[in-house]
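One-letter residues, chain by chain:
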Amino acid sequence: MEATKTLKLRIKDKHAAVLSLMAREVNQVWNYCNETSSRAIRERREWLSGFDLQKLTAGYSKCEGVRIGSATVQLVCEEYATRRKQFKKARLNWRVSNPKSAKYSLGWVPFKAGGVKYKAGQVSFLGHRFSLWDSYGLSRFDLRAGSFSQDARGRWYLNVCVKVDVPKSAGTGLVGIDLGLKTAATCSDGEELASGLYRKHEGALGIAQRARKKGRVRAIHAKIANTRKDAMHKFSTGLVARNAAIFVGNVSADAMVKTKMAKSTLDAGWSMLKTMLEYKSHGAGVVFEEVNEAYTTQTCSSCGVIPASSPKGRTGLRMRRWTCCDCGAEHHRDVNAAMNIAARGHARLGDSSCETRMSARGDVHRDVNAAMNIAARGHARL
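The rules behind each value
- Residues numbered from 1 in each chain as written.
- Predicted model: local features only at pLDDT ≥ 70, side-chain atom pairs only at ≥ 80, totals over all residues.
- Heavy atoms only, no water.
- Helix = DSSP H or I, 4+ residues; strand = E, 2+ residues; numbered from the N terminus.
- Contact = heavy atoms within 4.5 Å.
- Areas by Shrake-Rupley, 256 points an atom, 1.4 Å probe, with all protein chains shown as cover.
- Lys, Arg positive; Asp, Glu negative; His and termini not counted.
- Charge placed at Lys NZ, Arg CZ, Asp CG, Glu CD.
- Pairing = 2+ DSSP bridges.
- Axes fitted to C-alpha atoms, helices over the stretch in contact; angles between N-to-C directions.
- Parallel < 35°, antiparallel > 145°, perpendicular 65-115°, else oblique.
- Left-handed = near helix turned anticlockwise from the far one by under 90°.
- Nonpolar A, V, L, I, M, F, W, Y, C, P; charged D, E, K, R; others polar.
- Phe/Tyr/Trp six-rings, centres within 6.5 Å; stacked < 30°, edge-to-face > 60°.
- Buried < 20%, exposed > 50% of the residue type's maximum accessible area, 1.4 Å probe, protein only.
- Lys NZ or Arg CZ within 6 Å of the ring centre and 35° of its normal.
- Expected span 1.5 Å × (residues − 1).
- Core = buried A, V, L, I, M, F, W, Y, C linked by side-chain atoms within 4.5 Å.

**Quick look at the overall build of the protein**
Working step 1: The helix and strand tally for the protein stands at 12 helices and 14 strands.
Working step 2: Considering only residue pairs separated by 6 or more positions, the protein has 68% of its internal contacts joining residues 24 or more positions apart.
Working step 3: In the form shown here, the protein has an accessible surface area of approximately 20900 Å², with 51% of it arising from carbon and sulfur atoms.
Working step 4: Each charge class in the protein was averaged separately, 64 positive and 33 negative side chains, and the resulting centres sit 8 Å apart.

Encoded structure:
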């Protein structure tokens, strides 16, 4: 099965100056589009499309000293028109090229398919050859569209789309996932994804911030983000490899960040995890669905009732284990919720939407059903 994947490779630091100059020219095109578009809206009530902006910027790449090509200019115009429509604004934020400014815009240089060529550990782009750390073996891929991007520490990366062969998952199990704050995710089989990476480094981050060591602050933030992303990639890849169906609760991160638990919610990274699970599942032929998680924490996964002894309200947040007063089953709170999510997802497998997604694997219903029954029996024995 063939799928599109974006590879990210780091460019060596000696090329940062050239890429920064290109990024400055990209910012000039963006700001020109921003000013021209906003004036057209204000004066003539005319919303310029990406094609209109491309006509107005034609010839810019031929000006003396300009390093970016016409294809990059066209992509910037298209991107500006797309973002203006997305955010429904007559004027977007200016892109700032001064690295000493607090509003500095991180560098970005887009290119079209065929815009870069790879040879002997280097990529050529607009007459420049950039050395990089080739951890993927780019010579094996047909490079398509992408971009050069800069991170907060000033490091540059090549982001390029390629076609890869993705084998279908051999997993036959079914798993439910309960998203939380103390643990970012808890599976119905007991596997957990740890949370609290930001809080673990909060002390060192505060010291660096008070000392005004901006470089150290950026490095700590990058370490937190990279560690979280690495853990989520390993967690999601393992789930996709072992299962034929994955169901996750539909908890809303947007709603939670408006509460007092905003810091813990952002630290957990629910949206990133669900995004990884979704695209990896679709690429491997695994069913992925979000199901309603209402009352999954309070409901006993063994007898299906909401007993008086189940955790409820804010006081229930402290209860990690509880016993059902109706059937006597002992539960780990988050595992119980994940079991209920898995059961609700299992009940939806007969729906037409899931039926269509699983039609390519006729044995999935049988195997998933067997895995679900085994999981339920094992959970009842806890």
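**Re the sheet that holds strand 12 (residues 287–291)**
Two strands in a sheet stick together by hydrogen bonds in their backbones, pointing the same way (parallel) or opposite ways (antiparallel).
Working step 1: Spatially, the five strands line up as an open sheet ordered 10-9-8-11-12, and their pairing is mixed. Across the chains shown, the open sheet's two edge strands, defined by having one partner strand only, are strand 10 (192–194) and strand 12. Between one strand axis and the next, the sheet turns through 20 degrees on average, direction left out of account.
Working step 2: Relative to strand 9 (residues 183–187), strand 8 (residues 173–179) runs antiparallel, the two sharing three bridges. Opposite I177, over in strand 9, you have C187 as the bridge partner.
Working step 3: Along the sheet, helix 9 (residues 270–283) contacts strand 8, strand 9, strand 10, strand 11 (243–249) and strand 12; its crossing angle with strand 12, the most-contacted strand, is approximately 145 degrees.
Working step 4: Its contacts with the sheet place helix 10 (residues 333–347) against strand 8, strand 9, strand 11 and strand 12, and it is angled at close to 125 degrees to strand 8.

**Let's talk about the packing of helix 1 (residues 16–44) against helix 3 (residues 70–87)**
Working step 1: Close contact between helix 1 and helix 3 brings their axes to 10 Å; oriented N to C, the two are set at 45 degrees. One element, helix 1, and the other, helix 3, form an angle in the oblique class. Between helix 1 and helix 3 lies a crossing whose hand is right-handed. Between helix 1 and helix 3, the contacting residues are V26, V29, W30, C33, N34, S37 and I41 on the first element and T72, V73, V76, C77, E79, Y80, R83 and R84 on the second.
Working step 2: Across the contact of helix 1 with helix 3, the residue classes tally to nine nonpolar, three polar and three charged.

**Digging into the packing of aromatic side chains**
Working step 1: Going through the model one piece at a time under the given rule, you end up with five aromatic pairs.
Working step 2: Taking the centre distance of 5.2 Å and the plane angle of 45 degrees together, the rings of F125 and F148 count as tilted. Highlighted residues: F125 in strand 4 (residues 122–125) and F148 in strand 6 (residues 146–150), separated in sequence by 23 residues. Across this residue pair, the class does not change: F125 and F148 are buried.
Working step 3: Members of the aromatic cluster, joined through ring pairs, are F111, F125, F130 and F148.
Working step 4: Taking NZ or CZ as reference, K8 lies 4.6 Å from the ring centre of Y157, over its face.
Working step 5: Its guanidinium or amino end placed over the ring of W133, K12 lies 5.4 Å from that ring's centre, counting from NZ or CZ.

**Describing helix 6 (residues 214–242)**
Working step 1: In this model helix 6 runs 43 Å from its N-terminal to its C-terminal C-alpha over 29 residues, within 8% of the 42 Å that 1.5 Å per residue would give.
Working step 2: Of the positions making up helix 6, those classed as buried are V217, I220, A222, I224, R228, M232, F235, S236, G238, L239 and V240.

**Things to note about the nonpolar core**
Working step 1: Counting 37 residues, the largest nonpolar core has I11, V109, F125, F130, L138, F148 and L158 as its most contacted members.
Working step 2: Top element by residues in this core is helix 1. It accounts for eight residues.
Working step 3: In terms of nonpolar packing, the next biggest core, distinct from the first, is built from 24 residues, V175, I177, A253 and W270 among them.

**What to know about the sheet that holds strand 5 (residues 128–131)**
Working step 1: Taken in spatial order, the three strands line up as 3-4-5 in an open sheet, and their pairing is antiparallel. What marks the edges here is a single partner per strand, and that holds for strand 3 (117–119) and strand 5. Between one strand axis and the next, the sheet turns by 30 degrees as a mean value, whatever way the strands run.
Working step 2: As paired strands, strand 4 and strand 5 are joined by four bridges and run antiparallel to one another.

**Let's talk about the pairing of strand 6**
Working step 1: Counting buried residues along strand 6, four of its five residues qualify, which places the element largely inside the surrounding structure.
Working step 2: Here strand 6 runs beside strand 7 (residues 156–165); their pairing, made up of five bridges, is antiparallel. Bridged to S149 within strand 7 is Y157.
Working step 3: Between the end of strand 6 and the start of strand 7, which pair antiparallel, lie five residues, with G154 showing a positive phi angle near 85 degrees.

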